[in-house]
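The residues making up each chain are set out below.
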Amino acid sequence: MESVLSKYENQITIFADYLEEFPDTDELVWILGKQHLLKTGGTGPSSDAGWGCMLRCGQMMLAQALICRHLGRDWKWEKQKEQPKEYQQILQCFLDRKDCCYSIHQMAQMGVGEGKSIGEWFGPNTVAQVLKKLALFDEWNSLAVYVSMDNTVVIEDIKKMCRTLSLSADIPAERPLESLTASTQSKGPSACCTAWKPLLLIVPLRLGINQINPVYVDAFKECFKMPQSLGALGGKPNNAYYFIGFLGDELIFLDPHTTQTFVDTEENGTVDDQTFHCLQPPQRMNILNLDPSVALGFFCKEEKDFDSWCSLVQKEILKENLRMFELVQKHPSHWPPFVPPAKPEVTTTGAEFIDSTEQLEEFDLEEDFEILSI
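Quick caveat, the model's predicted, so the values are computed rather than measured.

Chemist: What is the right way to look at the nonpolar core in this model?
Modeler: The tendency in soluble globular proteins is for nonpolar side chains to be buried as a group. Core analysis: the biggest nonpolar cluster contains 54 residues, and Met54, Leu62, Phe94, Tyr102 and Leu233 have the highest contact counts within it. Of all the elements, helix α2 (residues 53–70) adds the most residues to this core, at 12 residues. Once residues within four sequence positions are removed from consideration, Leu62 is found in contact with Phe94, Tyr102, Leu131, Leu143 and Leu200. In terms of nonpolar packing, the next biggest core, distinct from the first, is built from 45 residues, Cys162, Tyr216, Ile317 and Leu327 among them.

Chemist: Even after reading the chapter, I still don't get the side chain of Asp96, so can you show me in this structure?
Modeler: One can find Asp96 in the loop between α3 (85–93) and α4 (104–112). Within the local environment of Asp96, its side chain forms a polar contact with the side chain of Arg56, the two groups lying 3.2 Å apart.

Chemist: How should the packing of α2 against α4 be read in this particular structure?
Modeler: Between two packed helices, what matters for the description is the angle formed by their axes and the separation of those axes. Relative orientation of the contacting elements α2 and α4 amounts to 115°, with a least axis distance of 10 Å. Seen along the crossing, α2 lies across α4 with a hand that is right-handed. Each of Leu55, Arg56 and Gln59 in α2 lies in contact with α4, whose residues at this interface are Ile104, Met107 and Ala108. Classifying every residue of the contact of α2 with α4 by side-chain character gives four nonpolar, one polar and one charged.

Chemist: Before we go on, may I ask you to explain the packing of aromatic side chains in this structure?
Modeler: The relative placement of two aromatic rings is captured by the distance of their centres and the angle of their planes. Tallied over the full model, the rule gives 12 aromatic pairs. Aromatic side chains Tyr146 and Phe338 sit 6.5 Å apart centroid to centroid with 50° between the ring planes, which places their arrangement in the tilted category. Placement of Tyr146 in strand β3 (residues 144–147) and of Phe338 in the loop between β13 (326–328) and α10 (358–361) is noted, with a sequence separation of 192 residues between them. Look at Trp196 and Phe306: their rings are 6.0 Å apart centre to centre, the planes differ by 25°, and that puts the pair in the stacked class. Of the two residues, Trp196 is situated in strand β6 (residues 192–196) and Phe306 in helix α9 (residues 303–316); the sequence distance between them amounts to 110 residues.

Chemist: Teacher, can you tell me more about the pairing of strand β9 (residues 239–247) here?
Modeler: For a regular strand, the rule is simple: side chains alternate between the two faces of the sheet. Of the pairings in the sheet, the one linking strand β8 (residues 229–236) to β9 comprises five bridges and is antiparallel in character. Looking at the pairing, Gly234 lines up with Tyr241 of β9. The hairpin turn running from β8 into β9, its antiparallel successor, is two residues long, and Asn238 in that turn takes a positive phi close to 60°. Looking at chain direction, β9 and strand β10 (residues 250–254) are connected through five bridges and run antiparallel. Bridge pairing in β10 places Gly245 opposite Ile252.

Chemist: Help me understand the sheet that holds strand β12 (residues 293–300), please; the structure alone is not making it clear to me.
Modeler: In sheet architecture, strand pairing relies on hydrogen bonds along the backbone and comes in two forms, parallel and antiparallel. Pairing is mixed in the open sheet, where seven strands are placed in the order β3-β7-β12-β8-β9-β10-β11. Whereas interior strands pair on both sides, the edge strands pair on one side only; in this sheet they are β3 and β11 (283–286). Looking at each pair of strands side by side, their axes are set apart by 30° on average, direction ignored. By the bridge criterion, eight bridges tie strand β7 (residues 199–206) to β12 in an arrangement that is antiparallel. For Leu201, the partnering residue across the bridge sits in β12 and is Phe298. Its contacts with the sheet place α2 against β7, β8, β9, β10 and β12, and it is angled at close to 175° to β8. Sitting on the sheet, α9 touches β7 and β12, and the angle it makes with β12 is about 135°.

Cut-offs and rules
- Residues numbered from 1 in each chain as written.
- Predicted model: local features only at pLDDT ≥ 70, side-chain atom pairs only at ≥ 80, totals over all residues.
- Heavy atoms only, no water.
- Core = buried A, V, L, I, M, F, W, Y, C linked by side-chain atoms within 4.5 Å.
- Buried < 20%, exposed > 50% of the residue type's maximum accessible area, 1.4 Å probe, protein only.
- Helix = DSSP H or I, 4+ residues; strand = E, 2+ residues; numbered from the N terminus.
- Contact = heavy atoms within 4.5 Å.
- Polar contact = N/O pair within 3.5 Å; in protein donor to acceptor, adjacent residues only side chain to side chain.
- Axes fitted to C-alpha atoms, helices over the stretch in contact; angles between N-to-C directions.
- Left-handed = near helix turned anticlockwise from the far one by under 90°.
- Nonpolar A, V, L, I, M, F, W, Y, C, P; charged D, E, K, R; others polar.
- Phe/Tyr/Trp six-rings, centres within 6.5 Å; stacked < 30°, edge-to-face > 60°.
- Pairing = 2+ DSSP bridges.

So this is what it looks like as structure tokens:
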């Protein structure tokens with residue numbers, strides 16, 4: 001009975017999505033004890049214009065990570081060309097619908113737990129924390145998201161989070177781990193091995209007080225050279241950009257400030273992806289005009305990629321007297337113990353996988369601008 005109720009609960013909460021077919025009027029409609037405004041399908045924002053740019057930039061960075069995860073870093077989107085099924089699955093993650101794992105709805109609602117009201121502008125660190133929490137509900141992409149604390153990346157903690165136990169085919173999957181000890185010992189080291197969960201590493205930084213300190217410029221630019229780079233989130237106060245590279249002392253960025261109409265899945269299960277890509281060429285700005293609050297992103301599909309990244313950081317970042325961030329082997333003793341994040345217990349699926357609130361149910365957005373490739 002509980003699963004049946006959950007099923008119909010989801011149907012009821014998304015009823016507002018269909019109100020656009022009703023007459024265009026200012027008069028309120030009442031459904032099952034709740035009021036809805038027909039012109040917007042709810043009483044919440046009908047667009048993320050003016051406040052959603054950093055959330056969109058976070059989607060861009062994550063989308064690039066998922067492309068590297070499923071299609072490879074060298075993959076490029078070509079207009080009017082049939083795309084791999086994994087590409088369509090990636091698009092589904094970012095649709096402006098409440099039941100999509102990385103939709104603007106889910107990101108805004110998860111931001112409430114970070115102290116941000118729906119409709120309030122996010123900073124780079126808030127977006128990083130939101131992505132870290134949402135990834136726990138995303139079983140298909142199965143990412144380990146690590147957000148550094150106090151400008152410090154801890155190698156021990158990342159490896160603890162990303163290393164997972166992989167069992168050989170002759171061991172029943174339903175057997176509990178504690179019962180496998182004797183079995184795996186008798187079968188030898190090949191019976192049980194360690195696998196690596198793909199890593200999305202985000203490093204929030206403050207590179208100055210009111211403006212970026214020039215001493216960090218060279219190290220910041222070095223990060224874009226790394227094969228693991230996912231660029232950076234940043235921009236100017238209340239004006240976010242997704243930085244993807246540099247030319248001399250100019251940063252190259254994608255600008256999310258273009259309002260698009262809502263895009264949904266078509267009857268054949270695909271998504272019209274034209275607005276998910278650059279409608280205008282990348283832009284440039286002097287690196288010294290960058291707001292000092294930024295978040296660097298990196299993707300390490302395998303453990304060897306992370307080990308290589310650590311070597312590059314040792315060589316290019318830690319050589320400076322005033323370091324942009326720290327990379328340490330062991331968990332600092334004065335920090336609380338590191339506990340890998342785990343998915344919270346939930347009783348329903350789909351749109352309800354985040355604690356449902358009236359505010360989220362009335363949150364219908366019309367802007368759709370996620371950059372998946374350049």
